[in-house]
Amino acid sequence: MAEPPAARPQRGAASGPDVLLATKLHVPRPQPGFVARPRLVRALDEGLARRLILVCAPAGSGKTVVLADWAPSGDRPVAWLSLDAADNDPVRFWRHVIVALDRVRPGIAGRVGPLLGPPAPSTFRLRAR
C-alpha cells in the first residue's frame, strides 16, 4: 500500500500538510544561551543498554533541549516527533510516529501503515480559533 502524501515530504516542493509534518520531524537546534548538560547526556548514553528510555520532568525543565543535544551525539539512528494538541487523536499520533520511524528505517511505513486503515486524506482543515 502506498504511503499517504504527507508521509514523505519532498524536498523543495513541499507545501501545506507536508511542510507542517516535516517541521515536526526535525531535531530542534540549540538556541542562544544553550547550556550543555553532560551528566544528563551520559545518563542517556547509559540508558541505550536498556530497551526503553523514559524522560520525565515538569514542563519547562529542559527535556526537549537535552534530548536535542543528545540525539545527534552518537552513531545511531534517531526518529524525532514533536507533538502538539492536535496529535491527541490516536490514529493521527501513530501515523506520525510511523512517518518518523520510516525516516530512519525506510520501509516501516509500507509495512505498518496499512494496520491503521486507509491513508489519511492529503488535505487538512485548520480549526478556527
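Further up the page is the structure itself.
Not measured: the values here are computed from a predicted model.

Quick word on the overall build of the protein
Now for step 1: What the protein contains, in helices and strands, is five helices and zero strands.
Now for step 2: Walking the protein from its N terminus toward its C terminus, one meets helices and strands in the order α-α-α-α-α.
Now for step 3: For the protein, the proportion of its 129 residues judged to be buried stands at 20%.
Now for step 4: A sequence separation of at least 24 residues applies to 57% of the contacts in the protein between residues at least 6 apart.

Digging into helix α2 (residues 38-47)
Now for step 1: Among the residues of α2, those classed as buried are V41, L44 and G47. The arc that holds the buried residues of α2, viewed along the axis, is 115°, so those residues lie on one side. Exposed and oriented more than 90 degrees from the buried face of α2 are P38, R39 and E46.
Now for step 2: On the buried face of α2, the contacting elements are α3 (63-70).

Digging into the environment of T64
Now for step 1: Relative to the assigned elements, T64 resides in helix α3.
Now for step 2: For T64, a relative accessible area of 46% gives the class partly exposed.
Now for step 3: Sequence spacing of T64 and V27 is 37 residues, and the spatial spacing of their C-alpha atoms is 9.1 Å.
Now for step 4: Setting aside anything within four residues of it in sequence, one finds T64 in contact with P28 and W80.

Observations concerning the packing of aromatic side chains
Now for step 1: Across all of its chains, the model carries one aromatic pair by this definition.
Now for step 2: Here F93 and W94 contribute two aromatic rings whose centre-to-centre distance is 4.9 Å and whose plane-to-plane angle is 75°, an arrangement assigned as edge-to-face.
Now for step 3: For F93, a relative accessible area of 24% corresponds to the partly exposed category.
Now for step 4: Above the ring of W70, the side-chain terminus of R76 is found at 4.2 Å from the ring centroid.

Comments concerning helix α4 (residues 90-104)
Now for step 1: Helix length check: α4 (15 residues) gives 22 Å between terminal C-alpha atoms against 21 Å at 1.5 Å per residue, within 8%.
Now for step 2: Residues of α4 that are buried: R95, H96, V97, I98, V99, A100 and D102.

Concerning the side chain of D87
Now for step 1: Structurally, D87 can be placed in the loop between α3 and α4.
Now for step 2: Residue D87 is classed as buried on the basis of its relative accessible area of 6%.
Now for step 3: Within polar-contact distance, the side chain of D87 engages the side chain of H96 at 3.2 Å.
Now for step 4: Not counting chain neighbours up to four residues away, the residues in contact with D87 comprise K24, S82, R92, F93 and H96.

Each value, and the rule that gives it
- Residues numbered from 1 in each chain as written.
- Predicted model: local features only at pLDDT ≥ 70, side-chain atom pairs only at ≥ 80, totals over all residues.
- Heavy atoms only, no water.
- Helix = DSSP H or I, 4+ residues; strand = E, 2+ residues; numbered from the N terminus.
- Buried < 20%, exposed > 50% of the residue type's maximum accessible area, 1.4 Å probe, protein only.
- Contact = heavy atoms within 4.5 Å.
- Arc of directions from axis to C-beta.
- Phe/Tyr/Trp six-rings, centres within 6.5 Å; stacked < 30°, edge-to-face > 60°.
- Lys NZ or Arg CZ within 6 Å of the ring centre and 35° of its normal.
- Expected span 1.5 Å × (residues − 1).
- Polar contact = N/O pair within 3.5 Å; in protein donor to acceptor, adjacent residues only side chain to side chain.

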